[in-house]
Amino acid sequence: MSFKNLISFEEIAENNSNFLDIDTRPDWEELFGNRNPLNLEIGFGVGNFIIEMGIREPNENFIGIDFYHKGIRKVITRIAKYEICNARIVYGDAKEKIPLLFAPEELNRVYINFPDPWPKKRHHKRRLIKPDFIKVLAEKLKCSGEIHIATDHEAYAMEILDFFEKDQLLKNKNGLGTFLLQKEGIPKSKYEKKFISAGERIFYLEYKK
């Protein structure tokens, strides 16, 4: 990150309560001003999903983690524009931030929409969803908490499915080794709409603790 970006993020953090550049767990109840359920979106992109969820579910709180500078600026601007009071944006790598920012059994739901599949074999090690990361998510989920994942990359979907099926704390809501065919009742991300319009299959996974 350049010095210019560092300064601008410091300025954003000082002037915008919806943006957090932190390395320790905050008092989420104090930040949101309530004890409503905490939901997390990992990698929010342009922010369509977290913004719409914040509007649809006013009695729940939403936290988005991403490290894409341009996307973060756009999303916090849109959150202010729509006067969304129940969404906060965190800058950083989810693998590093989640262990630091959330207590065990604190999260209600986790959403991972279209994580980068890193399709080249030599880049597979960069993929977000690995067994150790799944264990961290499971630890942070409350009892009956859920993880929702969507990807259009079949090989990555099969790998994710295999990793999750081996975790002892999480159960596939749709049956062992099964993908959900379509997702209803929650907004669609920018990429999801694009893939659906192109007639491509999307692989959905839902796991419950």
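See above for the structure.
Moving on: helix H4 (residues 69–81). Between its first and last C-alpha, H4 extends 19 Å over 13 residues, near the 18 Å set by a 1.5 Å rise per residue. Taken as a whole, H4 has its buried residues at His-69, Gly-71, Ile-72, Val-75, Ile-76 and Ile-79. For H4, the angular spread of the buried residues around the axis is 155 degrees, confining them to a single face. Remark: Glu-83 follows H4 within two positions and exhibits a positive phi of approximately 55 degrees.

Attention now moves to helix H3 (residues 48–56). For H3, the full list of buried residues reads Phe-49, Ile-50, Ile-51, Met-53 and Gly-54. If you follow the buried residues of H3, they end up packed against strand S2 (38–42), strand S3 (61–66), H4, strand S4 (87–91) and strand S5 (107–113).

Moving on to the packing of H3 against H4. Contact geometry for H3 and H4: axes closest at 10 Å, N-to-C directions at 20 degrees. Between H3 and H4, the angle is such that the two are roughly parallel. Like other packed secondary-structure pairs, H3 and H4 cross with a definite hand, here right-handed. For the pair H3 and H4, contact is made by Asn-48, Ile-50 and Ile-51 and by Val-75, Arg-78 and Ile-79, respectively.

Conventions used here
- Residues numbered from 1 in each chain as written.
- Predicted model: local features only at pLDDT ≥ 70, side-chain atom pairs only at ≥ 80, totals over all residues.
- Heavy atoms only, no water.
- Helix = DSSP H or I, 4+ residues; strand = E, 2+ residues; numbered from the N terminus.
- Expected span 1.5 Å × (residues − 1).
- Buried < 20%, exposed > 50% of the residue type's maximum accessible area, 1.4 Å probe, protein only.
- Arc of directions from axis to C-beta.
- Contact = heavy atoms within 4.5 Å.
- Axes fitted to C-alpha atoms, helices over the stretch in contact; angles between N-to-C directions.
- Parallel < 35°, antiparallel > 145°, perpendicular 65-115°, else oblique.
- Left-handed = near helix turned anticlockwise from the far one by under 90°.

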